[in-house]
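Notes for the structure review
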Amino acid sequence: MWLDKPRNPNAPLAGLKVLELARVLAGPWVGQTLADLGADVIKVESPEGDGTRQWGPPWIEHDGERSAAYYHAANRGKRSIVADFRGAADLDRVRTLAAGADVLVENFKTGSLTKFGLDYASLSAANPGLVYCSVTGFGQTGPRAHEAGYDFVIQGMSGFMALTGEPDGQPMKMGISISDLTCGLYSVIGIQAALAMRERTGRGQHVDMALLDCSVSLLASQAMHLFATGQNPPRMGNEHAQVSAYGVFPASDGQIVLAPANDGLFRKTLKVLGREDLLEDDRFTTNEGRLANRDQLDRIIAEATRSRTRSDLLAACAKAGVPAGPINDIDQVFGDPQIMDRGMKIELDGVAGVRSPFAFSGAELALDTPSPAHGQHD
């Protein structure tokens, strides 16, 4: 069942065999990333299929099958087979695939694959080199280990929502499933680390990945604020807790982001705006002063930006080396010349998608097939 030849022999993970027992987003994101990097990924689906196939509209029509666009966001480059774990023949087939795999990715609730003999202990006995990655909400240990994990819940538990939104407004989740996607990417890193270690030891291992762990790990400087002060970091909206003037400012025909993150960039910003006089104002000569007088400074900057168009401001900032950018709708993102030049939008057999963001000097991604139909490769 595994491919005799790599999908793209010059892809970084060409020849790697990955068995995916995953559905929805975090687990499939692992499989798609590995597939883009050249791995042969076999996705095992239940007779009902990955539930996200029905998460429409919008829908994608391809090869006579209608599946939700959501499903196509995370399943490119894989092959799909159907297996009913309640059937002995199907279980034997999955175990046979696992015996020949380098990597297995699963996102079942903790412990639930043991009764099928598809847990790490059972499969590694037959395949000691197997790197087995479990993606769950809370991990394999701890008081919540057996609970299901959902991105929205994890965003709340991890502190993300306490940090997102306007200072006096309601805590907000992010506009993408950041906890799922982050866990997917960290899982790829963990898998690759385990594969590198296998080169030294000859043995695989169990990689235990939790959405909550991965989200908490992203707190970074916000966690350090707590550790250093004993105080929760404030919710800042579009402002920055440590830098000013740094935020969203009005133009005559929309809004832009300005991000002068040090004294030198702040001086350049004032020159672009024709307000060099502020360089002599003691309130604004240091970042500490700008933070203490943030409201006054933001009003002054807004007065200067409001009279100019977005394109004029952005061109002037680019020429002066001031970090600035537009606030794009999604259609504007994919019409941006930089995004177009980098080839971030791809089309495979008539199905559009967003490529994995890797660029290599001596290798290519394996971008050859869209998401498979349910059981297409049985």
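A brief report on the enclosed structure follows. (Residues numbered from 1 in each chain as written. Predicted model: local features only at pLDDT ≥ 70, side-chain atom pairs only at ≥ 80, totals over all residues. Heavy atoms only, no water.)

1. Section: the layout of surface pockets
To be explicit about the condition: Method remark: on a 1 Å grid restricted to protein atoms, a set of points is classed as a cavity if a 1.4 Å probe fits but cannot get out and as a pocket if it is open with protein on both sides within 12 Å along at least five of seven lines; lining residues have an atom within 4 Å of a point. Grid points are joined across faces, edges and corners, and a volume is the space filled by probe spheres set on the points. Helix and strand definitions here come from DSSP, where helices need a minimum of 4 consecutive H or I residues and strands a minimum of 2 consecutive E residues; each element is numbered from the N-terminal end. Under the grouping applied here, Gly and all other residues not named as nonpolar or charged are polar, the nonpolar ones being Ala, Val, Leu, Ile, Met, Phe, Trp, Tyr, Cys and Pro and the charged ones Asp, Glu, Lys and Arg.
There is about 1100 Å³ of room inside the largest pocket. At the level of elements, α1 (26-36), α2 (69-72), α7 (178-201), α14 (330-335) and β13 (351-354) are the ones that each hand at least two residues to the lining of the largest pocket. The class makeup of the residues in the lining of the largest pocket is 18 nonpolar, seven polar and three charged. Its boundaries defined by the atoms lining it, the second largest pocket holds a volume of some 600 Å³. Lining the second largest pocket are 28 residues, and of these Val24, Gly149, Tyr150, Asp151 and Asp180 lie nearest its centre. If you list the elements that add at least two residues to the lining of the second largest pocket, you get α1, β7 (131-136) and α5 (151-157). Per-class residue counts for the lining of the second largest pocket are 13 nonpolar, nine polar and six charged.

2. Remarks on the nonpolar core
Formally: Definition of nonpolar core: a set of buried residues of the types Ala, Val, Leu, Ile, Met, Phe, Trp, Tyr and Cys, connected through side-chain atoms within 4.5 Å. Think of it in three bands: with a 1.4 Å probe and only protein chains considered, a residue is buried below 20% of the maximum accessible area for its type, exposed above 50%, and partly exposed in between. Only heavy atoms enter the contact rule, under which two residues are in contact if any of them lie within 4.5 Å.
Of all hydrophobic cores here, the largest spans 28 residues; its most connected members are Val18, Leu34, Val103 and Ile191. Of all the secondary-structure elements, those providing two or more residues to this core are α1, β6 (103-106), β7, α7, β8 (206-210) and α8 (211-217). Considering every element that reaches this core, the biggest residue donor is α7, with five residues. Filtering out sequence-adjacent residues up to four positions away, Val103 remains in contact with Leu16, Lys17, Val18, Leu19, Leu130, Val131, Ile191 and Leu195. With 21 residues, the next largest nonpolar core counts Trp2, Ile42, Leu97 and Leu123 among its residues.

3. Notes on the packing of aromatic side chains
Using the following cut-off: For this analysis, a ring pair means two rings from Phe, Tyr or Trp (six-membered ring only for Trp) whose centres lie within 6.5 Å, classed as stacked if their planes differ by under 30 degrees, edge-to-face if by over 60, and tilted for the remaining angles.
For the structure on display, the rule yields five aromatic pairs. Taking 4.9 Å as the distance between ring centres and 65 degrees as the angle between the ring planes, the aromatic pair formed by Trp55 and Tyr70 counts as edge-to-face. Here Tyr70 lies in helix α2 and Trp55 lies in the loop between β2 (40-45) and β3 (59-62), a separation of 15 residues in the sequence. Its relative accessible area of 46% is what places Trp55 among the partly exposed residues. A relative accessible area of 30% places Tyr70 in the partly exposed class.

4. Thoughts on a nonpolar patch on the surface
Short version of the rule: What makes a patch is a set of residues exposed beyond 30% relative accessible area and free of salt bridges, joined within 9 Å when like-charged and within 5 Å when nonpolar (Val, Leu, Ile, Met, Phe, Trp, Tyr). Using a 1.4 Å probe, accessible areas were evaluated by the Shrake-Rupley method; residue-level cover was limited to the displayed protein chains. In the sections that follow, a salt bridge refers to a side-chain nitrogen of Lys or Arg positioned within 4 Å of a carboxyl oxygen of Asp or Glu.
A cluster of nonpolar side chains, namely Tyr150, Val153 and Met157, defines an oily patch on the protein surface of about 310 Å² accessible area. Relative to the helices and strands, Tyr150 resides in the loop between β7 and α5. The exposure class of Tyr150 is exposed, given its relative accessible area of 57%.

5. Focus: the sheet that holds β2
Backbone hydrogen bonds are what pair the strands of a sheet, in a parallel or an antiparallel way. Heads up, the rule is: By definition, two strands form a pair when at least two bridges between them are found by DSSP. Geometry is summarised by axes, namely lines fitted to C-alpha atoms with helices restricted to the contacting stretch, and by angles between N-to-C directions that run from 0 to 180 degrees.
Spatial ordering of the open sheet is given by β5-β2-β1-β6-β7-β8, a layout of six strands whose pairing is parallel. Looking at strand neighbours, the two that pair on one side only are β5 (79-82) and β8, the edges of this open sheet. Pairwise comparison of adjacent strand axes, ignoring direction, gives a mean angle of 20 degrees for this sheet. Strand direction decides the pairing type here: strand β1 (residues 17-21) and β2, joined by four bridges, are parallel. Bridge pairing in β2 links Leu19 to Ile42. Along the sheet, α7 makes contact with β6, β7 and β8, crossing β7 at roughly 160 degrees.

6. Quick look at unusual backbone geometry
Of the consecutive residues Gly56 and Pro57, the connecting peptide bond is found in the cis state with omega at 0 degrees. As for its position among the elements, Pro57 is in the loop between β2 and β3. Look at the link from Pro57 to Pro58: it is a cis peptide, with omega at 0 degrees. Position of Pro58 among the secondary structure elements: in the loop between β2 and β3. Even without a glycine there, the phi angle at Asp63 is positive, about 50 degrees. Locating Asp63 in the fold gives a position in the loop between β3 and β4 (65-68). Positive phi, normally seen in glycine, also occurs at Asp349, with a value near 55 degrees. With respect to the helices and strands, Asp349 occurs in the loop between β12 (345-348) and β13.

7. A closer look at helix α10 (residues 263-273)
Rule in force here: What the arc covers is the set of directions going from the helix axis to the C-beta atoms. Polar contact is the term for a pair of N or O atoms within 3.5 Å; when the atoms are in protein, one must be able to donate a hydrogen and the other to accept it, and sequence-neighboring residues count only if both atoms are side-chain atoms.
Every buried residue of α10 is accounted for by Leu265, Phe266, Thr269, Leu270, Val272 and Leu273. Down the axis, α10 shows its buried residues gathered within 160 degrees of arc, on one side only. On its buried side, α10 packs onto β10 (254-258), α11 (287-292), α12 (294-305) and α13 (310-320). For α10, the capping residue at the N-terminal end is Asn262, with a side-chain oxygen 3.1 Å from the backbone nitrogen of Gly264.

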